[in-house]
Amino acid sequence: MTPKPISELSDDEARAELERLAKEIAYHDRLYHTEDAPEILDGDYDKLRRRNEAIESQFPTLVRADSPSRKIGGAVSARFKKVEHSIPMLSLSNAFSGNDVLEFDNRIRRFLGLESGKKIHLVAEPKIDGLSATLRYERGQFALGATRGDGTVGEEVTQNLRTISDIPNALPPDAGSILEIRGEVYMAKSDFHALNARQKTSKQKQFSNPRNAAAGSLRQLNPDITAKRPLRFFAYNAGEQSSPISDTQWGFLQTLKRWGFQVNPLTRRCTSIEEILSAYNEIGAKRSELDYEIDGVVYKVDNLDYQNRLGTVSRAPRWAVAHKFPAEQADTVLDKINIQVGRTGALTPVAHLRPVSVGGVLVSRATLHNEDEIERLGVMPGDTVRIQRAGDVIPQVVQRVSAGCGKAFEFPTHCPVCRSAAVREPDKAVRRCTGGFNCPAQTVERLKHFISRDAFDIEGLGATHIKDFYADGIINKPTDIFNLKNQRKALLCRDGWGEQSTSKLLQNIEERRRISLDRFIYALGIPSVGRVTAKLLAKHLGCFAMLREIAPAAIDTNATSHQQLLSIDGLGPVVTKDIADFFSNEKNQELLDDLNTILEIQDFSAPDFNGGPIYGKIIVFTGTLEKMSRNEAKARAEEFGARVTGSISKKTDFVVAGSKSGTKVEKAAALGVKILNEKEWLSILDI
Ligand code: IVH
């Protein structure tokens, strides 16, 4: 559907559309930044943002407090210590054509008041498709490293970054007392393929592309895992600096090279738009041969004085632009169309393709989105189709190239898994299976969601286990996970499960009986309730009992409880209806009663660790802890504001010693550092 022209929108329509866009953009931001699993192409995402900005400039009084134009990027994962960036980590505005680049050049000239003949030097650098990180050097030593997060607050991943050999540990004295280097953490294509092959052999998760693999590897709670992943780093910018190390971007990059950083070798210093565009074409021509993914070329004003003067507008610097490459495409034969049934019953057609390489990645499946899309494209099995892959997004079929001899695909009107009717709601593109709890496909997807990273996150229990356990009748519903201990024998009979792994899994499950309210709400898989909404509900309602009290009654749009939900800033009528529907469903109520008796759902408490017992303390863990893994202990300590280090010094505040702890305890005793046993440690955490 073509959106209504902005000039024809009434105030109410504009308000409603801004609300919709804020939600949709926040949703895609989360998929991209937090879950490393975007669903739409960058171009489509940019369109949403542009429409949002265009409506806002037409209706300035309607700009929302949570408008995407006021934010930079994704939310921060709750598991890592948060770090506020001394200088925000910005994103870049995009250019899609030579004209856009000319406009960029004109804008700069206008802003700086330069006459048209005056030369401006620009640096052209490949835009690496990885994730950005900032490295803080204090007195020449690498002291703190973080991800971008939402641009203002990132995740502290110092130890993980230390494992990357492209990142120097120390810099020469001319680096000054404080210097932040920013750049891109990425994984080479060849390393990505090798990693996936290893993951397959050890029956572990496959990464969908190098960017996901890099993000997943960097954001590991255990740096030992990161160390085993082949991560690399290209440096390209500075953050905070006590003294500037150059007056140009080019000079800055040359210095970084001398100090041992990797600077992209295709970087060029250009003096005209013609040179810039030829750098773009040259880099573009090399793109598929490069062993790392790039999705465009970034142009930066070389003169740092100019950069300072140009400054920032909303979320991007005025002095830089990303000239994007068109998405990569290839033609192949569409062998068949299969239907996938999701957690909420949505039927998604998936194109199974004759494998084809698109920009160095072998693609054998692509999404066809929904039945309207199949009709719009006019594709049928046997046809040759054009597929497109852009950055991270799931490849999609974009066009029918030539006809084969197959016949038209008939979109099923019944669920292919449970045979229940599959219906389309008026004005909706998706067809949904109505089988609910009776549909095995929906049930498995719900269970997978229940144990996923942002929900119960049970170590050792992955999506494949859920699928297998469900197929064998060991787990049918969420409560069965917590009753697995009664199925010990059945587990031990299975291939790959021994005494030790079974005990470990059961122990990990026990540890998750206690869960925060927001994780619990998210785990329920209520349609349109993602992590952000789950957090909002937890924060505003405080406890599970309150949610259960008001949500079912909210089905009546005149009820006070309906208004109560709607009044939560960030909750609209669609989400409110989904919540009310979920909580008034009898089967769900039964499940909630059961879960409530076997779990300890914690009331929401605003995190305020400032001044807590371990805030700012330096802790060392040694030996084996009974109640939690060392990694978890470390993560918990960091959540409460402590810093966990590996070796003991006079600065260490205390050592937590589990069983079989060795020389560290002796060293601590010799240095007079306080030693805690596991029980004392748990009591600090109030466990
Ligand atoms: S400069 C203030 N240079 O692109 C400008 N970014 O869309 C900050 N990126 O978050 C970024 N290669 O993750 C810059 N040579 C390059 C880059 C680059 C990749 C990424 C970076 C940034 C994103 C912005």
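Below: a short report on this structure. (Residues numbered from 1 in each chain as written. Predicted model: local features only at pLDDT ≥ 70, side-chain atom pairs only at ≥ 80, totals over all residues. Heavy atoms only, no water.)

**Description of the sheet that holds strand β10 (residues 294-301)**
Read from one edge to the other, the open sheet built from 5 strands follows the order β2-β13-β10-β3-β9, with strand pairing classed as mixed. Edge positions in the sheet fall to β2 (94-95) and β9 (268-270), since each has one partner strand and no second. The pairing of β10 with strand β13 (residues 320-324) spans 5 bridges and is antiparallel. The residue of β13 that forms the bridge with Val297 is His323. Along the sheet face, helix α3 (residues 98-112) touches β2, β3 (122-128), β10 and β13 and points at about 175 degrees away from the line of β13. Against the sheet, helix α9 (residues 273-286) engages β3, β9, β10 and β13, with an angle of about 155 degrees to β9. (Pairing = 2+ DSSP bridges. Helix = DSSP H or I, 4+ residues; strand = E, 2+ residues; numbered from the N terminus. Contact = heavy atoms within 4.5 Å. Axes fitted to C-alpha atoms, helices over the stretch in contact; angles between N-to-C directions.)

**Considerations on the site of the ligand**
Glu125, Ile128, Glu184, Tyr236 and Lys300 are the nearest of the 16 residues found near the ligand. The contact in question runs from a nitrogen atom of the ligand to an N or O atom on the backbone of Ile128, over 3.0 Å. Contact between the ligand and Lys300: a nitrogen atom at 2.9 Å from a side-chain N or O atom of the residue. Protein contacts shield 89% of the accessible area of the ligand, which totals 530 Å² for the unbound molecule. If you list the elements that add at least two residues to the shell around the ligand, you get β3, β8 (231-241) and β10. With 4 residues, the single largest contributor to the shell around the ligand is β3. Here the shell around the ligand is composed, by residue class, of 8 nonpolar, 3 polar and 5 charged. (Near = heavy atom within 4 Å. Polar contact = N/O pair within 3.5 Å; in protein donor to acceptor, adjacent residues only side chain to side chain. Areas by Shrake-Rupley, 256 points an atom, 1.4 Å probe, with all protein chains shown as cover. Nonpolar A, V, L, I, M, F, W, Y, C, P; charged D, E, K, R; others polar.)

**Focus on the environment of Ala346**
Note that Ala346 resides in the loop between β14 (328-341) and β15 (347-358). Separated by 240 residues in the primary sequence, Ala346 and Asn106 place their C-alpha atoms 47 Å from one another. Setting aside anything within four residues of it in sequence, one finds Ala346 in contact with Gln340, Val341, Val430, Arg431 and Arg432.

**A word on unusual backbone geometry**
With a phi close to 65 degrees, His369 is a non-glycine residue in the positive phi region. Secondary-structure assignment places His369 in the loop between β16 (361-367) and α11 (371-377). You can call His369 partly exposed: its relative accessible area is 31%. The backbone phi angle of Ser528 is positive, close to 60 degrees, even though this residue is not glycine. By relative accessible area, Ser528 is classed as partly exposed at 43%. (Buried < 20%, exposed > 50% of the residue type's maximum accessible area, 1.4 Å probe, protein only.)

**Side note on the packing of α3 against α9**
Two quantities define a packed helix pair, namely the angle between the helix axes and the distance between the axes. Contact geometry for α3 and α9: axes closest at 11 Å, N-to-C directions at 140 degrees. Relative to α9, the element α3 is oriented oblique. In this structure, α3 crosses over α9, and the sense of that crossing is right-handed. Residues Gly98, Val101, Leu102 and Asp105 of α3 form the contact with α9, whose participating residues are Ile273, Ile276 and Leu277. Looking at the contact of α3 with α9 residue by residue, the class counts come to 5 nonpolar, 1 polar and 1 charged. (Parallel < 35°, antiparallel > 145°, perpendicular 65-115°, else oblique. Left-handed = near helix turned anticlockwise from the far one by under 90°.)

**Overview of the sheet that holds strand β23 (residues 618-622)**
In spatial order, the strands read β24-β23-β25-β26; together these 4 strands make up an open sheet with parallel pairing. Single-partner strands in this sheet number two, and they are β24 (643-645) and β26 (674-677). Taking the axes of each pair of neighbouring strands and ignoring which way they run, one obtains an average angle of 30 degrees across the sheet. The sheet contact formed by β23 and strand β25 (residues 654-657) spans 4 bridges and is parallel. Each residue of the ladder has a partner; that of Phe621, found in β25, is Val656. Strand contacts of helix α24 (residues 663-671): β23, β25 and β26, with the helix running at about 145 degrees to β23, the strand carrying the most contacts.

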